[in-house]
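Results of the structural survey
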Amino acid sequence: MSTRHFLSLFDLTTDEYRALFERAGQIQAARERGERPGTLERRVLGMIFEKASTRTRLSFESGMAQLGGSAIFLSPRDTQLGRGEPIEDSARVMSRMVDAIMIRANDHGMVETFAANSRVPVINALTDLNHPCQLLADVYTYQRHRGSIAGKRVAWVGDGFNMCHSYINAARVFGFELTVAAPSGYEPATEVVEAAGDHVRLVESADAAVEGADLVVTDVWASMGQEEERLRRLRDFQNYQINDEIMARAKGDALFMHCLPAHRGEEVSASVIDGPSSVVWDEAEARMYTQQALVEFLILGEFPGSSG
């Protein structure tokens, strides 16, 4: 049996996603009861970080510990990856010593190369192309608050970068309608949009994107590595803030999500992110449960306790 990786949302089937969300719910319920199932006892996750992180490191590292396993944090400055060792060689060595590897990288090609040379599952924990682990948490959170996201209207407002790409992919995988509003010059990659077909449409204004939406999503205007563009981006994105006026155009029970960290007063107003429509804290917590279910599946080859 070939090694399964999770590099994009297209790496699992519809049935596997159903079972993953069911398992994530079981893990969350067990934690709320004070239980810690030892499904990953003596299993080790290697964690390679080329980019800084709060939620990604906490969710993977805590998640492994709570299931009886352990995680090893690796940064380029602490490994031979930072001294020019070929990615292929690092992958061949590391994958002989751990049970799975997650990578938070600058270049998506690095993760693909690593996976191609790894004996164990590799998880994309963010690249310049997409962020599939975040979408697991977002879809799971929406499902717990409002039921299935299939057929719903989702609005993405802001930069058409990796998180936007992930929402476009998610629209294809989970069957929702996505509307993207991004300033000129910041649109999502053409090939990603074209592959999604009727699942996604691009509009010019935040007003048009949010109209009648069930879910409104945004992200920071200047991601890691784009800090030198900050002043220009603040100017270019000034009409794309999610505030009370914009949210009023969505459905009355619409939810707001943000992958965090957030810059209140820039991409989102404090009144929205701290308001009744916001589920960002549930969304952040859900990173752990959905990733625990994902790691269980990739390492064990099944979802423990799943009915499917």
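Residues numbered from 1 in each chain as written. Predicted model: local features only at pLDDT ≥ 70, side-chain atom pairs only at ≥ 80, totals over all residues. Heavy atoms only, no water.

Once that is clear, we can look at the overall build of the chain. Along its length, the chain carries twelve helices and nine strands. Compactness check: the chain gives a C-alpha radius of gyration of 19 Å against a globular reference of 19 Å for 308 residues, within 12% of the reference. Seen through its principal axes, the chain has C-alpha atoms that stretch 50 × 45 × 35 Å. Counting over 308 residues, the chain shows a buried share of 55%. The contacts in the chain between residues at least 6 apart in sequence include a share of 71% that link residues at least 24 apart. Working note: accessible area of the chain is about 13,100 Å², and carbon and sulfur atoms make up 47% of it. Charged side chains of the chain number 31 positive and 44 negative; the gap between the two group centres comes to 5 Å. (Helix = DSSP H or I, 4+ residues; strand = E, 2+ residues; numbered from the N terminus. Rg over C-alpha atoms; globule rule 2.2 N^0.38 Å. Buried < 20%, exposed > 50% of the residue type's maximum accessible area, 1.4 Å probe, protein only. Contact = heavy atoms within 4.5 Å. Areas by Shrake-Rupley, 256 points an atom, 1.4 Å probe, with all protein chains shown as cover. Lys, Arg positive; Asp, Glu negative; His and termini not counted. Charge placed at Lys NZ, Arg CZ, Asp CG, Glu CD.)

For the pair helix H1 (residues 14-32) and helix H5 (residues 132-146), the least separation of the axes is 11 Å and the interaxial angle reads 75°. Classified by the angle between their axes, H1 and H5 sit roughly perpendicular to one another. Note on element contacts: H5 touches H1 through Leu136, Val139, Tyr140, Gln143 and Arg144, opposite Tyr17, Leu20, Phe21, Ala24, Gly25 and Gln28. Residue composition of the contact of H1 with H5, grouped by class: seven nonpolar, three polar and one charged. (Axes fitted to C-alpha atoms, helices over the stretch in contact; angles between N-to-C directions. Parallel < 35°, antiparallel > 145°, perpendicular 65-115°, else oblique. Nonpolar A, V, L, I, M, F, W, Y, C, P; charged D, E, K, R; others polar.)

The final tally for this structure, using the stated rule, is eleven aromatic pairs. Seen in terms of ring centroids, Tyr17 and Phe174 are 5.0 Å apart; in terms of plane orientation they differ by 65°. Their pairing is edge-to-face. Highlighted residues: Tyr17 in helix H1 and Phe174 in helix H6 (residues 162-174), separated in sequence by 157 residues. For the pair shown, Tyr17 and Phe174 are each scored as buried. Ring-pair connections join several aromatic residues into one group, and the members of that group are Tyr17, Phe21, Tyr140 and Phe174. (Phe/Tyr/Trp six-rings, centres within 6.5 Å; stacked < 30°, edge-to-face > 60°.)

Here we come to the confidence of the model for the chain. Taken over all residues, the pLDDT of the chain has a mean of 95, while the share at 70 or more is 97%. Across the chain, the element-wise mean pLDDT spans from 92 in helix H9 (residues 230-236) up to 99 in strand S9 (residues 255-258). (pLDDT = per-residue confidence, 0-100.)

Structurally, Thr179 is set in strand S6 (residues 177-181). When the C-alpha positions of Thr179 and Asp78 are compared, they lie 42 Å apart, and in sequence the two are 101 residues distant. Not counting residues within four places of it along the chain, the set of residues in contact with Thr179 comprises Val154, Ala155, Trp156, Arg201, Val203 and Ala209. Within polar-contact distance, the side chain of Thr179 engages the side chain of Arg201 at 3.3 Å. (Polar contact = N/O pair within 3.5 Å; in protein donor to acceptor, adjacent residues only side chain to side chain.)

Below, the discussion takes up the sheet that holds strand S2 (residues 70-74). Think of a sheet as strands paired side by side through backbone hydrogen bonds, with each pair either parallel or antiparallel. Taken in spatial order, the four strands make up an open sheet running S2-S1-S3-S4, and their pairing is parallel. Pairing within the sheet leaves two strands with one partner each, and these edge strands are S2 and strand S4 (122-124). Pairs of neighbouring strands in the sheet enclose a mean axial angle of 20°, with direction left out of account. One ladder, built from three bridges, connects strand S3 (residues 100-104) with S4; its direction is parallel. Looking at the pairing, Met102 lines up with Ile123 of S4. Against the sheet, helix H2 (residues 55-66) touches strand S1 (44-49), S2, S3 and S4, its axis set at about 170° to S1. (Pairing = 2+ DSSP bridges.)

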